[in-house]
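Letter by letter, the chains look like this.
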Amino acid sequence: MTEQLNEQELLQFIVDKTKADPKQIQLILKYEKDFIVKAEENAKGEVDIDSDELIDHILSRPDVKLTELAVDTILEAEMDYLMKKGFAGYID
């Protein structure tokens, strides 16, 4: 049984944790998803994302009005949520 990612719950979790504007959070998550979709998978089918490249990509979008720190905080909160729900983990 695979649990479906609840985007509303994820958004609320990030808002609660970061106090950021939900519209900006949604933009960040959308650009993050676009970046990950374009990333190359390795032989195991995993995608290794460089967080600095990801943040630079997000900050380069003209409609993102947040600081680098704010973007990083949102991405950290998202990762906390995903790890808590068992959707993601860090590769050693």
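This section reports on the structure supplied with the text. (Residues numbered from 1 in each chain as written. Predicted model: local features only at pLDDT ≥ 70, side-chain atom pairs only at ≥ 80, totals over all residues. Heavy atoms only, no water.)

## Quick notes on the environment of Lys19
Here is the rule: A run of H or I in DSSP counts as a helix once it spans at least four residues, and a run of E counts as a strand once it spans at least two, with each numbered from the N terminus. What qualifies as a polar contact is a pair of N or O atoms within 3.5 Å, subject to a donor-acceptor requirement within protein and to the restriction that residues adjacent in sequence count only when both atoms come from side chains.
Take Lys19: it is sitting in the loop between helix 1 (7-18) and helix 2 (22-38). Sequence-wise, Lys19 and Ala70 are 51 residues apart; in three dimensions their C-alpha atoms are separated by 9.8 Å. A distance of 2.8 Å separates a polar atom in the side chain of Lys19 from the backbone oxygen of Asp16.

## Considerations on a negative patch on the surface
How we decide: Note on patches: the residues involved have over 30% relative accessible area and no salt bridge, like charges join within 9 Å, and the nonpolar side chains Val, Leu, Ile, Met, Phe, Trp and Tyr join within 5 Å. Using the Shrake-Rupley algorithm and a 1.4 Å probe, accessible areas are obtained, with residue cover drawn only from the displayed protein chains. A pair is scored as a salt bridge if a Lys or Arg side-chain nitrogen falls within 4 Å of a carboxyl oxygen belonging to Asp or Glu. Counted as positive: Lys and Arg. Counted as negative: Asp and Glu, with His and the chain ends omitted from the count. Note that the charge is assigned to NZ on lysines, CZ on arginines, CG on aspartates and CD on glutamates.
On the surface, a cluster of negative charge is made up of Glu46, Asp48, Asp50, Asp52, Glu53, Asp56 and Glu68. In terms of residue count, the dominant contributor to the negative patch is helix 3 (residues 51-59) (3 residues). Mapped onto the fold, Asp50 is located in the loop between helix 2 and helix 3.

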